[in-house]
Amino acid sequence: MKKSSFIALLLGTVSGVLFALGMCMALLPEWDAFTEGIVFGSVGILLGIVTLSVWVKMEHKQLPKMNGKNFLKVLYGIFAVLVLGGGMCLCLVWNQIIWGTLVGLLGIVLLILLIPMVKGIQ
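Asks: So what's going on with the overall build of the chain? Residues and values would help.
Replies: The secondary structure content of the chain amounts to 4 helices and 0 strands. If you list the helices and strands of the chain from N to C, you get α-α-α-α. For 122 residues, the compact-globule estimate of 2.2 N^0.38 gives 14 Å, and the chain exceeds it by more than 25% at 17 Å. Referenced to the eigenvectors of the C-alpha coordinate spread, the extents of the chain come out at roughly 45 × 40 × 30 Å. The burial tally for the chain puts 20% of its 122 residues in the buried class. Approximately 9200 Å² of the chain is accessible, and the part contributed by carbon and sulfur atoms is 77%. Averaging the locations of the 8 positively and 4 negatively charged side chains of the chain gives two centres separated by 30 Å.

So, in structure tokens, the structure goes:
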């Protein structure tokens, strides 16, 4: 593993955990930590942006141009993640295990289909 990939992995993991913890803190009323959650989530987002910029500089690459094709890929990825999250909510929050599992599996399939959309099939 290259040093740049390892650093991106570490920083990306930390930023993802901070963002997820912040969203839990902000959105779960039982935790009573809305303000702190917003701070943690914001720090997670900022660290994610820093991670991306550090990785791009270490790899000596440029960020992909945001044209219509790439924008649609990003929208598709967001939709797929929301479908997966909706399935998790159905299972964990509303106790709809069967529907939640089916919707979650659909989200996983949509995310797997994102790989050939981005990388292509050779």
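Asks: Just give me the short version of the state of the cysteines, but keep the residues and values in it.
Replies: Applying the stated rule across the entire model yields 0 disulfides. Sulfur of Cys24: no disulfide; nearest cysteine sulfur belongs to Cys89 and is 11 Å away. Here Cys89 stays unpaired: no disulfide links it, and the sulfur of Cys91, its closest cysteine neighbor, is 9.5 Å away.

Asks: Please give an account of helix 3 (residues 68-92) that cites residues and values.
Replies: Under the 1.5 Å per step criterion, the end-to-end length of helix 3 is 36 Å for 25 residues, consistent within 8% with the ideal 36 Å. Close packing links the buried residues of helix 3 with helix 4 (97-119).

Asks: Go over the nonpolar core with me, naming the residues and quoting the values.
Replies: The biggest cluster of nonpolar side chains holds 5 residues, and these are Tyr76, Ala80, Val83, Leu110 and Leu114. Contributing elements (two or more residues each) for this core: helix 3 and helix 4. Per-element accounting of this core gives the leading share, 3 residues, to helix 3. Once residues within four sequence positions are removed from consideration, Ala80 is found in contact with Gly107, Leu110 and Leu111.

Asks: Give me unusual backbone geometry: which residues, what numbers.
Replies: Positive phi, close to 50 degrees, is recorded for Asp32, a residue that is not glycine. Looking at the element boundaries, Asp32 is found in the loop between helix 1 (3-27) and helix 2 (34-59). Asp32 sits in the exposed class, given a relative accessible area of 70%. The phi torsion at His60 lies on the positive side, around 55 degrees, for a residue other than glycine.

Asks: Can you explain the packing of helix 3 against helix 4? Please cite residues and give values.
Replies: Between helix 3 and helix 4, the shortest axis-to-axis distance is 7 Å and the interhelical angle comes to 160 degrees. The angle between helix 3 and helix 4 places the two elements in the roughly antiparallel class. Considering only the axes of helix 3 and helix 4, their crossing is left-handed. Here the contact of helix 3 with helix 4 is composed, by residue class, of 19 nonpolar, 7 polar and 1 charged.

Conventions we followed
Residues numbered from 1 in each chain as written. Predicted model: local features only at pLDDT ≥ 70, side-chain atom pairs only at ≥ 80, totals over all residues. Heavy atoms only, no water. Helix = DSSP H or I, 4+ residues; strand = E, 2+ residues; numbered from the N terminus. Rg over C-alpha atoms; globule rule 2.2 N^0.38 Å. Buried < 20%, exposed > 50% of the residue type's maximum accessible area, 1.4 Å probe, protein only. Areas by Shrake-Rupley, 256 points an atom, 1.4 Å probe, with all protein chains shown as cover. Lys, Arg positive; Asp, Glu negative; His and termini not counted. Charge placed at Lys NZ, Arg CZ, Asp CG, Glu CD. Disulfide = S-S within 2.5 Å. Expected span 1.5 Å × (residues − 1). Contact = heavy atoms within 4.5 Å. Core = buried A, V, L, I, M, F, W, Y, C linked by side-chain atoms within 4.5 Å. Axes fitted to C-alpha atoms, helices over the stretch in contact; angles between N-to-C directions. Parallel < 35°, antiparallel > 145°, perpendicular 65-115°, else oblique. Left-handed = near helix turned anticlockwise from the far one by under 90°. Nonpolar A, V, L, I, M, F, W, Y, C, P; charged D, E, K, R; others polar.

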